[in-house]
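Residues per chain, in single letters:
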Amino acid sequence: MKTLILTCNTGLGHNSTADSIKEKFTKENVQCEIADALSFVSPAMSDFICNTHATVYKYAPVLFDMGYELAEKHPSIFGNDSVAYNFFCLGVKKLEAYVLEKGFTGIICVH
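Sequence order sets the numbering: in each chain, residues are counted from 1 along the sequence as written. Owing to the predicted nature of the model, reporting of local features is limited to residues with pLDDT of at least 70; listing and counting of side-chain atom pairs is limited to 80 or more, with chain, interface and lining totals taken over all residues. Computation of side-chain values covers all heavy atoms of the structure but excludes hydrogens and water.

This brings us to the overall build of the protein chain. The number of helices and strands found in the protein chain is five helices and three strands. Numbering of helices and strands runs from the N terminus; a helix is a DSSP stretch of H or I covering at least four residues, while a strand is a stretch of E covering at least two. Listing every helix and strand of the protein chain by position from the N terminus yields β-α-β-α-α-α-α-β. Seen through its principal axes, the protein chain has C-alpha atoms that stretch 45 × 30 × 25 Å. Only protein chains enter the accessibility calculation, which uses a 1.4 Å probe. A residue is then buried if its area is under 20% of the maximum for its type, exposed if over 50%, and partly exposed in between. Split into buried and exposed, the 111 residues of the protein chain put 24% on the buried side. In this description, contact between two residues means that some pair of their heavy atoms is separated by no more than 4.5 Å. For the protein chain, long-range pairs separated by at least 24 residues make up 70% of all intrachain contacts whose partners lie at least 6 apart in sequence. Note on areas: Shrake-Rupley with a 1.4 Å probe; residue coverage comes only from the protein chains shown. Accessible surface computed for the protein chain: about 7700 Å², of which carbon and sulfur atoms make up 61%. In the protein chain, 9 positive and 12 negative side-chain charges are present, and the distance between their average locations comes to 5 Å. Only four residue types enter the tally: Lys and Arg on the positive side, Asp and Glu on the negative side; His and the chain ends are excluded. All charge positions are set by atom: Lys at NZ, Arg at CZ, Asp at CG, Glu at CD.

Set out below in structure tokens:
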């Protein structure tokens with residue numbers, strides 16, 4: 001068994017969770033690797049999103065509340081034809097190639 005743990009650097013919680021899972025799996029002799037899911041879109045975009053997320057969360061957390069409320073009331077904003085959905089799909093082919101190249105048999109996403 002070989003597991004890929006996908007995280008994102010939009011705060012330390014995701015990475016801490018990924019680290020905890022990896023630690024447990026390693027104790028059980030399960031080979032695993034942690035990767036930043038956003039890096040499959042682009043490492044530069046991942047850095048931009050993560051830094052922006054941290055800054056907004058620190059200085060204007062009310063924007064996150066508004067964003068979550070908007071997404072709950074209007075789920076189509078993130079639906080299959082949305083700009084957000086299509087943006088994140090940009091990394092799918094790279095992720096697929098990575099999974100196949102490395103031979104992962106399982107994937108866990110902590111986000």
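Let us keep going from here.
Our focus in this paragraph is the sheet that holds strand β1 (residues 2-7). By the convention used here, strands pair only if DSSP detects at least 2 bridges between them. If you trace the three strands from one edge of the open sheet to the other, you get β2-β1-β3, paired in parallel fashion. Strands at the two margins of the open sheet, each flanked by one partner only, are β2 (31-36) and β3 (106-109). Each adjacent strand pair in this sheet contributes to an overall mean axis angle of 20°, direction not counted. Pairing analysis gives four bridges linking β1 to β3, with the strands arranged parallel. Its bridge partner being in β3, L6 is matched across the sheet by C109. For every element, the axis is a line fit to its C-alpha atoms; helices are fit only across the contacting stretch, and the angle between N-to-C directions ranges from 0 to 180 degrees. Across the sheet, helix α1 (residues 12-27) lies against β1, β2 and β3, angled at about 165° from β1, the strand it touches most.

The residues that make up patches have over 30% relative accessible area and no salt bridge, and they are joined within 9 Å when like-charged or within 5 Å when they are Val, Leu, Ile, Met, Phe, Trp or Tyr. The working definition used for a salt bridge is a side-chain nitrogen of Lys or Arg within 4 Å of a carboxyl oxygen of Asp or Glu. On the surface, V62, L63 and M66 cluster together to form a nonpolar patch covering roughly 290 Å² of accessible area. In this fold, M66 is placed in helix α3 (residues 62-73).

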